[in-house]
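Summary of the model geometry
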Amino acid sequence: MLFNQRAHFKNGAILAAIAAIAALPVLAETANFGTLTLSRGFGAPTAVLRGSTGGSYSLSAIANADRHKNKCLGFATPTPDHIIVLQQNFSKLTIQVNSRGKDTTLLVQGPGNAVRCGDDAGQNKDAGIVDSDWQAGSYRIWVGTLEAGVKSNYTISVQE
């Protein structure tokens, strides 16, 4: 009887571990709206991505703040909206959301889980990130809104 209880406990512990792993948000190399690969000199004026907001997953669950201590705000889906693959290092990149005046947020998670977050860019309510030292690799991008579930179409422009 004791052996049978141990087998049930062991199986239950394994099932609990599997359930816990399955409940974690998936940060895989897939994106809601596709992948863009860029090399230095990718051309004027910009690379453009298109998508829409609408999730209820808090981006602060990925990071409360980025490497510059900017707060990571907003709600999106657990799966990144876009993936950008940089084939070389970039000394500077600008990533700008255009949702025609909706209040968007931006979270970019790159190699080594380095995070960059953006909210309002200047007088515009759309999010943007201007930063230096972009290492070659894969960057997962979430476009969020300050209120969960708000649906809005947007484009993202990327400039060197």
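Up top you'll find the structure we're talking about.
Reference entry: report on the structure contained in this document. (Residues numbered from 1 in each chain as written. Predicted model: local features only at pLDDT ≥ 70, side-chain atom pairs only at ≥ 80, totals over all residues. Heavy atoms only, no water.)

**Some remarks on the overall build of the chain**
To keep it simple, the criterion reads: Segments assigned H or I by DSSP are reported as helices when at least four residues long, segments assigned E as strands when at least two residues long, and all are numbered from the N terminus. Partly exposed residues are those whose accessible area sits between 20% and 50% of the maximum for their type, while under 20% is buried and over 50% is exposed, using a 1.4 Å probe and protein chains only. Here, residues are in contact when the closest pair of their heavy atoms is within 4.5 Å.
The helix and strand inventory of the chain stands at one helix and twelve strands. From first element to last, N terminus to C terminus, the chain shows the α and β order α-β-β-β-β-β-β-β-β-β-β-β-β. Here the chain holds 160 residues, and 36% of them are scored as buried. Within the chain, contacts between residues separated by at least 24 positions form 76% of all contacts whose residues are at least 6 apart in sequence.

**Description of unusual backbone geometry**
The phi angle at Lys-69 is positive, at roughly 70°, despite the residue not being glycine. Among the structural elements, Lys-69 can be located in the loop between strand S3 (57–58) and strand S4 (75–76).

**Let's talk about the packing of aromatic side chains**
Put simply, the rule reads: Two rings belonging to Phe, Tyr or Trp (six-membered ring only in the last case) form a pair when the distance between their centres is within 6.5 Å. Interplanar angles under 30 degrees mark stacking, angles over 60 mark edge-to-face geometry, and anything in between is tilted.
As enumerated under the stated definition, the model contains two aromatic pairs in all. Taking 6.2 Å as the distance between ring centres and 55° as the angle between the ring planes, the aromatic pair formed by Phe-42 and Phe-90 counts as tilted. Linking Phe-42 in the loop between strand S1 (35–38) and strand S2 (47–52) with Phe-90 in strand S6 (residues 90–98), this pair joins segments that are 48 residues apart in sequence. Classification of Phe-42 as partly exposed rests on a relative accessible area of 22%.

**Digging into the state of the cysteines**
A disulfide bridge is the covalent bond that connects two cysteines by way of their sulfur atoms. For clarity, the threshold we go by: Two cysteine sulfur atoms make up a disulfide if the distance between them is within 2.5 Å.
Taken as a whole and assessed by the stated rule, the structure comprises one disulfide. In this model, Cys-72 is linked to Cys-117 through a disulfide, with the two sulfur atoms separated by 1.9 Å. Residues Cys-72 and Cys-117 share a disulfide whose torsion about the S-S bond is about 85°; that sign makes it right-handed. Highlighted residues: Cys-72 in the loop between S3 and S4 and Cys-117 in strand S8 (residues 115–118), separated in sequence by 45 residues. The residues Cys-72 and Cys-117 share a single accessibility class, namely buried.

**What about the nonpolar core?**
Going by this rule: The set of buried Ala, Val, Leu, Ile, Met, Phe, Trp, Tyr and Cys residues whose side-chain atoms join them within 4.5 Å is what this entry labels a nonpolar core.
Ranked by internal contacts, the top residues of the largest apolar core, which has 21 residues, are Leu-106, Trp-134 and Ile-156. The set of elements that each furnish at least two residues to this core consists of S1, S2, strand S5 (82–86), S6, strand S7 (104–109), strand S10 (124–134), strand S11 (137–145) and strand S12 (153–159). Top contributing element to this core by residue count: S6, with four residues. Setting aside its immediate chain neighbours within four residues, Ile-156 contacts Ala-47, Val-48, Leu-49, His-82, Ile-95, Gln-96, Val-97, Ile-141 and Val-143. Counting ten residues, the second largest nonpolar core, distinct from the first, contains Tyr-57, Leu-59, Cys-72 and Cys-117.

**Topic: the side chain of Asp-66**
Our working definition: Only four residue types enter the charge count: Lys and Arg as positive, Asp and Glu as negative, with His and the chain ends excluded. Salt bridges are counted wherever a side-chain nitrogen of Lys or Arg sits within 4 Å of a carboxyl oxygen of Asp or Glu. Two N or O atoms count as a polar contact when they lie within 3.5 Å, although within protein this holds only if one can serve as hydrogen donor and the other as acceptor, and sequence-adjacent residues are included solely when both atoms are side-chain atoms.
Mapping Asp-66 onto the fold places it in the loop between S3 and S4. The side chain of Asp-66 is buried and forms no salt bridge, while Arg-67, the nearest opposite charge, is found at 6.6 Å. Polar contacts involving the side chain of Asp-66 include one to the main-chain amide nitrogen of His-68, which spans 2.9 Å. The contacts of Asp-66, once residues within four sequence positions are left out, are Cys-72, Val-115, Arg-116 and Cys-117.

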